[in-house]
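Inside the fold
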Amino acid sequence: MANKVDTVYRKALEEAKALDIEGGDVRWLIMEAESYHSPADVIYYRDKEMRHEDLFWAYWEKRKSGLPVQYVTGKAPFLGFDLFVDQRVLIPRQETEEMLATLSERIYDYYDPRNYLVAADIGTGSGCIALGLKNFFPNWLVTASDISKGALEVAKTNFAKYDVSVNVLEGDALEPYIAQNIALDIIVSNPPYVKSRAEADDIVRNNEPASALYIGDGLSVYQKIFRDYKKVKKGSLLMVFEIDPWLVDNLKRWMEENLQDYEADFVNDLREMPRFLFVYLH
Ligand SMILES: C[S@@+](CC[C@H](N)C(=O)[O-])C[C@H]1O[C@@H](n2cnc3c(N)ncnc32)[C@H](O)[C@@H]1O
């Protein structure tokens, strides 16, 4: 007879505690193996029999070996989408969902979003921002770009999965847009912003692509965009960035050095940390 959900849950939870893995990861993987809708269903269905116990233990072995749950199952939730992810892309974060929610609240301060605006998602990774933009603003013309070929393959899989029309370009910051003479109304970007390897948690450092995480020693993506924005600006231009609080003073300096006739607004996240930068260029 198959084991009950509760029996499997408790056994894995004990191992999780010993290995300092969050209990939420156990619930997440049981949910995925059993095709439940939410991790809370693990508690709700605790007296039911496991239907896919082998699959759960296979997932659990991978998690115990140090892989994040999203790479274990190849799935990450983002704004109600179920995105395909693998180690070629950053796992989409809650802060990035928050950036898009903040943009959708603030957009009326800058534009009438019912217009056919031209938007770029620079450093698209899994494609989550471009998908979010098309979801909130279906009539926008959205291009997603990345310097990583592998990331763009993942993004394309997600655009196809949700049947959204997004242009895809490969290249460094604004270069592919300049090469194709694309004039933009809006740039949205969550570029690499972690200061150094030492700043990242083990599970992040050991699994997620370094090119998606670390800001590096050369010019950052923020600086490259500030340096080149005039080449893609047709009328006004709104730039929305996800940032890290350690970057605020640098960003202020980089803007002063490069931008003209602009208004900048640093916006806090739900933890009251400066996390988003809205820059409006007249
Ligand atoms: C922090 S990840 C963000 C991924 C995704 N947009 C998200 O929010 O989850 C940064 C992305 O920028 C890409 N990237 C890094 N340097 C870049 C550059 N110079 N030009 C374009 N993309 C770059 C990386 O390959 C990575 O996919």
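Residues numbered from 1 in each chain as written. Predicted model: local features only at pLDDT ≥ 70, side-chain atom pairs only at ≥ 80, totals over all residues.

Note on placement: K252 falls in helix α13 (residues 248–258). Residue K252 is classed as partly exposed on the basis of its 13 C-beta neighbours within 10 Å. A sequence separation of 14 residues divides K252 from F266, and the C-alpha atoms of the two residues are 9.8 Å apart. (Helix = DSSP H or I, 4+ residues; strand = E, 2+ residues; numbered from the N terminus. Buried ≥ 20, exposed ≤ 12 C-beta atoms within 10 Å, placed from the backbone.)

Below, the discussion takes up the sheet that holds strand β8 (residues 262–268). Across the sheet, seven strands lie side by side as β5-β4-β3-β6-β7-β9-β8; this open sheet has mixed pairing. The sheet terminates laterally at β5 (167–170) and β8, the two strands that pair on one side only. Strand-to-strand, the axes of this sheet are offset by a mean angle of 20°, without reference to chain direction. Of the pairings in the sheet, the one linking β8 to strand β9 (residues 274–281) comprises seven bridges and is antiparallel in character. Of the residues in β9, the one forming a bridge with D265 is F278. In the packing of helix α6 (residues 94–106) onto the sheet, the strands contacted are β6 (184–189), β7 (233–242), β8 and β9, and the crossing angle to β7 comes to about 140°. (Pairing = 2+ DSSP bridges. Axes fitted to C-alpha atoms, helices over the stretch in contact; angles between N-to-C directions. Contact = placed C-beta atoms within 7 Å.)

This brings us to the pairing of strand β3 (residues 118–122). Burial within β3 is extensive, with four of its five residues counted as buried. The pairing of β3 with strand β4 (residues 141–146) spans five bridges and is classified as parallel. In the sheet register, A120 faces β4, and the bridge partner there is T143. Once you follow β3 into helix α7 (residues 128–136) and on to β4, the crossover reads as right-handed. Sheet analysis places β3 next to β6, joined by four bridges and oriented parallel. Of the residues in β6, the one forming a bridge with A120 is I187. (Right-handed = clockwise from strand over helix to strand, strands pointing away.)

For the rest of this paragraph, the subject is helix α8 (residues 149–161). Across its 13 residues, α8 extends 19 Å between first and last C-alpha, which sits within 8% of the 18 Å expected from 1.5 Å per residue. Packing partners of the buried residues in α8 comprise β2 (81–84), α7, β4 and β5. (Expected span 1.5 Å × (residues − 1).)

On to the packing of α6 against α7, then. Each pair of packed helices gets described by two things: the angle between the helix axes and the distance between those axes. Between α6 and α7, the least distance of the axes is 10 Å, while the angle of their chain directions is 30°. Relative to α7, the element α6 is oriented roughly parallel. Judged by the twist between their axes, the crossing of α6 over α7 is right-handed. Counting all contacts with α6, which are made through T96, L100 and S104, the residues of α7 involved are C128, I129, G132 and F136. (Parallel < 35°, antiparallel > 145°, perpendicular 65-115°, else oblique. Left-handed = near helix turned anticlockwise from the far one by under 90°.)

The next point concerns the environment of L270. Relative to the assigned elements, L270 resides in the loop between β8 and β9. The exposed category is assigned to L270, around which 9 C-beta atoms lie within 10 Å.

Here the focus is the site of the ligand. In the region of the ligand, 23 residues are neighbours, and G123, G125, S148, N190 and A212 sit closest. When grouped by side-chain class, the residues that make up the shell around the ligand number 13 nonpolar, eight polar and two charged. (Near = placed C-beta within 6 Å. Nonpolar A, V, L, I, M, F, W, Y, C, P; charged D, E, K, R; others polar.)

This brings us to the nonpolar core. In terms of nonpolar packing, the biggest core is built from 57 residues, with A119 and I225 touching the most fellow members. With 17 residues, the next largest nonpolar core counts V8, W28, A33 and F56 among its residues. (Core = buried A, V, L, I, M, F, W, Y, C linked by C-beta atoms within 7 Å.)

At a closest axis distance of 9 Å, the pairing of helix α12 (residues 221–228) and α13 adopts a crossing angle of 20°. On the basis of the axis angle, α12 is roughly parallel to α13. For the pair α12 and α13, the sense of crossing is right-handed. Contacts between α12 and α13 involve Y222, Q223, F226 and R227 from the former and L251, W254, M255 and N258 from the latter. Of the residues belonging to the contact of α12 with α13, the class tally is five nonpolar, two polar and one charged.

Another aspect to go through is the domain arrangement of the protein. The domains assigned to the protein are domain 1 (5–65) and domain 2 (86–281). Spacing between the C-alpha centres of domain 1 and domain 2 amounts to 35 Å. (Domains from an automatic or database assignment.)

As a further point, take unusual backbone geometry. Of note, D20 is a non-glycine position whose phi angle comes to about 60°, a positive value. Its place among the elements puts D20 in the loop between α1 (5–19) and α2 (23–34). The backbone phi angle of N181 is positive, close to 55°, even though this residue is not glycine. Looking at N181, the number of C-beta atoms within 10 Å reads 8, which means it is exposed.

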